[in-house]
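# Working through the structure, step by step
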Amino acid sequence: MSYPLNPDPKQNEAPVIRVNNVCFNWSSEAKVLKDCSLEVPQGEFWMLLGNNGSGKSTLLRLLAGLLIPDAGSIVMPYKTGFVFQNPDHQLVMPTVGADIAFGLVNENLSPVQVKNRVRSALDAVNLADFERRPIHALSGGQKQRIAIAGAIARNCEVIMFDEPTALLDPDTQLELVAQVQNLVKKRNLTALWVTHRLEELDYCDGAFLLEGGKVVAKGNPQSLKQKLLAAEKS
Ligand SMILES: Nc1ncnc2c1ncn2[C@@H]1O[C@H](COP(=O)(O)OP(=O)(O)O)[C@@H](O)[C@H]1O
Ligand SMILES: [Mg+2]
């Protein structure tokens, strides 16, 4: 029998998402991120919390490469998918199958390969029979699962979510977060999920709090939840 040198494999893993001392200003008056740093380990599901206007979406746009930091660096070596608050801004084709296939146009796949990718991605989000459904006939939660299937079809190893449950009712909200937790573990993905709903913290491995342009707390999601609940009451 052999034993691993390091019993905690996580300690051997480099972080998959790394933000080092990032500064970003929309204008000289509006400094949004000031020396912001965070790391998400491989195979984990982390959440990013912070008040409205604290810079969460700005940070995600920096991670997406849509904005360039004024200072600091971002390391994101893996293929990354994004899921936004409003799926109607993200799903562009008339049917589910066509929308997921649309995300694969740059990959030079044969029609059979595209079909297989679409089917297995739909399977992953438990919407196996939805290929021919029109997008407009889906519920909000189903639309978000199609957006996730799009990232899975592209073989993304990392998925970022910007308040994906903001437009969902409470039951659908918790179903979606539980499903993402499951997907991360089953497929060994890494995910960063922006939210301001404290109940979602029950599903993640760790959490960050963004305040005053930097991460002021990180780690155990339950401690962060207690701290934020106490702050709400006071
Ligand atoms: N496109 C933009 N142009 C100028 N300022 C912006 C833009 N987007 C966001 N901001 C400002 O940046 C700050 C952070 O916004 P945002 O990242 O959207 O916060 P959050 O997602 O945490 O609510 C806010 O003060 C907001 O007004
Ligand atoms: Mg936002």
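All figures in this text were calculated on a predicted structure; none of them were measured in a lab. (Residues numbered from 1 in each chain as written. Chains lettered and ligands numbered in written order. Predicted model: local features only at pLDDT ≥ 70, side-chain atom pairs only at ≥ 80, totals over all residues.)

## Looking at the nonpolar core
Core analysis: the largest hydrophobic core is formed by 60 residues, its most contacted members being Ala149, Ile159, Ala191 and Trp193. The element that contributes the greatest number of residues to this core is helix H4 (residues 140-153), accounting for 7 residues. Among the domains, domain 1 (78-202) and domain 2 (204-234) are the pair contributing at least three residues each to this core. (Core = buried A, V, L, I, M, F, W, Y, C linked by C-beta atoms within 7 Å. Buried ≥ 20, exposed ≤ 12 C-beta atoms within 10 Å, placed from the backbone. Helix = DSSP H or I, 4+ residues; strand = E, 2+ residues; numbered from the N terminus. Domains from an automatic or database assignment.)

## Focus: the domain arrangement of the protein chain
Size of an interface: often given as the accessible area lost when the parts come together. Domain assignment breaks the protein chain into domain 1 (78-202) and domain 2 (204-234). Here the C-alpha centre of domain 2 lies 27 Å away from the C-alpha centre of domain 1.

## Remarks on the pairing of strand E7 (residues 190-194)
Extensive coverage of E7 is indicated by the burial of 5 of its 5 residues. In E7, alternate side chains face the same way, and those of Thr190, Leu192 and Val194 on one face and Ala191 and Trp193 on the other are all buried. In the sheet, strand E3 (residues 45-49) pairs with E7 via 4 bridges, with the strands oriented parallel. Following the sheet pairing, Met47 is matched in E7 by Trp193. Note that strand E6 (residues 158-162) and E7 share 5 bridges and pair parallel. In the sheet register, Ile159 faces E7, and the bridge partner there is Ala191. (Pairing = 2+ DSSP bridges.)

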